[in-house]
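Chain and residue survey
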Amino acid sequence: MVTDYDFFSEYIQNLQQRVHVLFETAISCPTAQSDLTITCLEELRVALEELQVAEEELQQQNEALLVVQTEIEIERQRYQDLFEFAPDAYIVTDIYGSVREANRAATALLNINHRYLINKPLINFISGDNQRQSFRSILSQLPTIHRVQEWELLLCGRKGEPFDAAITVETVYKGGKAVSLRWLIRNITERKRTEAELQSIHLQNVQLIEADRLKDHFMATISHELRTPMTAILGFSQLLQKRIRRIDDPSLDDLIERVVRNSNHLLRLIEELLDFSKLKSRKLEIHPIEFNLNQVAIDTVEELQSLSDQKGLTLRIDCVNPKILIMNDPFRVRQIIINLLSNAIKFTEAGQITLGFWELPEGRVVITVQDTGIGIEIEDQEKIFQEFWQIHQSSTRKNQGTGLGLAIVRALVELMQGSISVNSQVGQGTTFRVELPRIVKV
């Protein structure tokens, strides 16, 4: 390969030969010495000019070469810094696994000074005989398989505890021959610990889901099994009540009345469990028909009037429009109103309970139940819609209940494409607000 320097050297040699020829000619021809001298001087002048041009070109090339050399050095230093200060451990070994280069992360990971790490076999840091045997096997195959990624081994630094490491190693070739190995080593002890914790959590979640499924299945099954005898008990109690009334014995009539009342209460609890099971399994369906919301409200209030009378509460309806027709499931709308009113009666000791309903713009209606009861703490107002969650546990036990009423209400409202909200102040009462579309689409 001919370089610029070789070309310039050859040019100088040719120039010297030309000057030598001129000199010999001038000596052998005395008569032409004057002309030859002029010619020689001219030739020398031209040669010097050409030399100056060549020198300038070489100077420019030399400067360009220095610039390139500087850039190469900067780039080399940059890659050296990337290698040296990388967050992961980088090691270069020969094909037998002896360390040739190592960055700071590698010395920190293996807890050893850089000068003591160089030329040390990497296998010295492998923990356990089985792990070392595996390391030797992979090391011998690397020139053939070229690369191993995320190879997990147990390493141990000098005077340190063993740790889980993920290793990626790649073979470097020169002229088609394996000459070295590049190693990337990460400490994955924390990752392995997190993965184990996540696996444990996942297993617990699976167990909880299965337990929840079994619970729902049990609730649905036991509710069906309880409803049949409970319905029979209620039916026979009502028949017995009719016969005792003919005897005109107030004490017996009061006893049977208690049996009927408690039977109805138990049946409502069973129905709540059944509805909740259906809602949880998404098997409950609504059957929309057109009905008068006012009439459903009046019938519901009449049904619960005796409960409010027992506590000396005023139960009233607030509605301006005497006839509000909606397309919905009247049985489920009635169930929503009953649950909200029953809840209000349960937690109100004095005052009144108001059931209100009005038409809203954009084809919607609103139903509200307002009481003067004990109220709900702000931090508890979202929790009350969770199944089996009850505020004031001692009070709730006194009033009885499954803790499913409001959970069923919210599920039914959402099934009807509606929304429910609560506004309450402790000691001043609570207002539940339900918004429903006037026409429910199924």
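Residues numbered from 1 in each chain as written. Predicted model: local features only at pLDDT ≥ 70, side-chain atom pairs only at ≥ 80, totals over all residues. Heavy atoms only, no water.

**A look at the overall build of the protein**
Summing up its helical and strand segments, the protein has 11 helices and 12 strands in all. Long-range contacts, defined as pairs at least 24 residues apart, comprise 59% of the intrachain contacts of the protein with a sequence gap of at least 6. When the accessible surface of the protein is split by element, carbon and sulfur atoms take 55% of a total near 27,700 Å². (Helix = DSSP H or I, 4+ residues; strand = E, 2+ residues; numbered from the N terminus. Contact = heavy atoms within 4.5 Å. Areas by Shrake-Rupley, 256 points an atom, 1.4 Å probe, with all protein chains shown as cover.)

**Some points on helix H11 (residues 405-415)**
Spacing of three or four residues puts side chains on the same side of an α-helix, whose turn is 3.6 residues. Gly405, Leu406, Ala407, Ile408, Val409, Leu412 and Val413 are the residues of H11 that are buried. Following H11 by one or two positions, Gln417 has its phi on the positive side, about 60°. (Buried < 20%, exposed > 50% of the residue type's maximum accessible area, 1.4 Å probe, protein only.)

**Comments concerning helix H9 (residues 330-346)**
When the terminal C-alpha atoms of H9 are compared, their 24 Å separation across 17 residues agrees well with the 24 Å that a helix rising 1.5 Å per residue should span. The buried count for H9 comes to 12 of 17 residues, which makes it a mostly enclosed element. Capping of H9 at its N-terminal end is provided by Asp329; its side-chain oxygen lies 3.1 Å from the backbone amide nitrogen of Phe331. (Expected span 1.5 Å × (residues − 1). Polar contact = N/O pair within 3.5 Å; in protein donor to acceptor, adjacent residues only side chain to side chain.)

**A closer look at the sheet that holds strand E10 (residues 364-371)**
Taken in spatial order, the 5 strands line up as E7-E9-E10-E12-E11 in an open sheet, and their pairing is mixed. The open sheet has two edge strands with one neighbour each: strand E7 (314-318) and strand E11 (419-425). The mean angle between the axes of side-by-side strands here comes to 15°, regardless of whether they run parallel or antiparallel. In the sheet, strand E9 (residues 352-360) pairs with E10 via 8 bridges, with the strands oriented antiparallel. What sits directly across from Gly356, in E10, is Thr368. (Pairing = 2+ DSSP bridges. Axes fitted to C-alpha atoms, helices over the stretch in contact; angles between N-to-C directions.)

**A few points about the packing of H9 against H11**
Remark: H9 packs on H11, axes separated minimally by 10 Å, with the N-to-C direction vectors making an angle of 145°. In terms of crossing hand, the pair formed by H9 and H11 is left-handed. For the pair H9 and H11, contact is made by Arg332, Gln335, Ile336, Asn339, Leu340 and Asn343 and by Gly405, Leu406, Ile408, Val409, Leu412 and Val413, respectively. Looking at side-chain class alone, the contact of H9 with H11 contains 7 nonpolar, 4 polar and 1 charged residues. (Left-handed = near helix turned anticlockwise from the far one by under 90°. Nonpolar A, V, L, I, M, F, W, Y, C, P; charged D, E, K, R; others polar.)

**Concerning the packing of aromatic side chains**
Applying the stated criterion to the full structure yields 3 aromatic pairs. For the pair Phe385 and Phe432, a centre-to-centre distance of 6.3 Å together with 90° between the ring planes defines the contact as edge-to-face. Highlighted residues: Phe385 in the loop between E10 and helix H10 (393-399) and Phe432 in strand E12 (residues 429-437), separated in sequence by 47 residues. A relative accessible area of 4% means that Phe385 is categorised as buried. Among the aromatic residues, those joined into a ring-pair cluster are Phe135, Trp151 and Trp183. (Phe/Tyr/Trp six-rings, centres within 6.5 Å; stacked < 30°, edge-to-face > 60°.)

**Some thoughts on the nonpolar core**
Within soluble globular proteins, side chains that are nonpolar generally end up buried alongside one another. In this structure, Leu293, Leu340, Leu341, Ile353, Leu355, Ile367 and Phe432 are the most contacted members of the largest nonpolar core, which totals 42 residues. Elements with a minimum of two residues in this core: helix H8 (293-310), H9, E9, E10, H11, E11 and E12. In terms of residue count, H9 provides more of this core than any other element does, 7 residues in total. Ile91, Leu110, Val169 and Ile185 belong to the second-largest nonpolar core, a separate cluster that totals 28 residues. (Core = buried A, V, L, I, M, F, W, Y, C linked by side-chain atoms within 4.5 Å.)

**Focus: unusual backbone geometry**
Despite not being glycine, Asn119 shows a phi value in the positive range, around 75°. By the element assignment, Asn119 lies in the loop between helix H4 (114-117) and helix H5 (129-145).

**Description of the pairing of E11**
Regular strands place their side chains on alternate faces of the sheet. Along E11, the buried face is formed by Ile420, Val422 and Ser424; none of Ser419, Ser421, Asn423 and Gln425, which line the opposite face, is buried. Direction of pairing for E11 relative to E12: antiparallel, over a ladder of 7 bridges. Directly across from Val422, in E12, lies its bridge partner Phe432.

**Notes on the pattern of salt bridges**
Applying the stated criterion across every chain, the model contains 14 salt bridges. Taking the shortest distance from any N to any O, the salt bridge between Glu435 and Arg433 comes out at 3.2 Å. Residue classification places Arg433 among the partly exposed residues on the basis of a relative accessible area of 33%. Here the salt bridges share partners, and the residues they tie into one network are Asp88, Glu150, Glu152, Arg186, Arg191, Lys192 and Glu195. (Salt bridge = Lys/Arg side-chain N within 4 Å of Asp/Glu carboxyl O.)

**What to know about the sheet that holds strand E4 (residues 162-174)**
Reading across from one edge, E2-E1-E5-E4-E3 is the order of the 5 strands in this open sheet, with antiparallel pairing throughout. Single-partner strands in this sheet number two, and they are strand E2 (99-102) and strand E3 (147-156). Put simply, the sheet's adjacent strands are angled 30° from each other on average, direction ignored. Where strand E1 (residues 89-93) lies against strand E5 (residues 177-187), 5 bridges are found, and the strand directions are antiparallel. If you follow Ile91 over to E5, its bridge partner there is Trp183. In the packing of H5 onto the sheet, contacts are made with E3, E4 and E5, and the angle to E3 comes to roughly 155°.

**Some words on the environment of Ile376**
Position of Ile376 relative to the elements: it lies in the loop between E10 and H10. When its relative accessible area of 8% is taken as the criterion, Ile376 is described as buried. Sequence spacing of Ile376 and Gly429 is 53 residues, and the spatial spacing of their C-alpha atoms is 7.9 Å.

**A closer look at the packing of H8 against H9**
Contact pair H8 / H9: the axes reach a minimum separation of 10 Å and the direction vectors enclose 35°. For H8 against H9, the interelement crossing comes out right-handed. The segment H8 lies against H9, with Leu293, Val296, Thr300, Val301, Glu303, Leu304, Leu307 and Ser308 engaging Pro330, Val333, Arg334, Ile337, Ile338, Leu341, Ser342 and Ile345. Across the contact of H8 with H9, the residue classes break down as 11 nonpolar, 3 polar and 2 charged.

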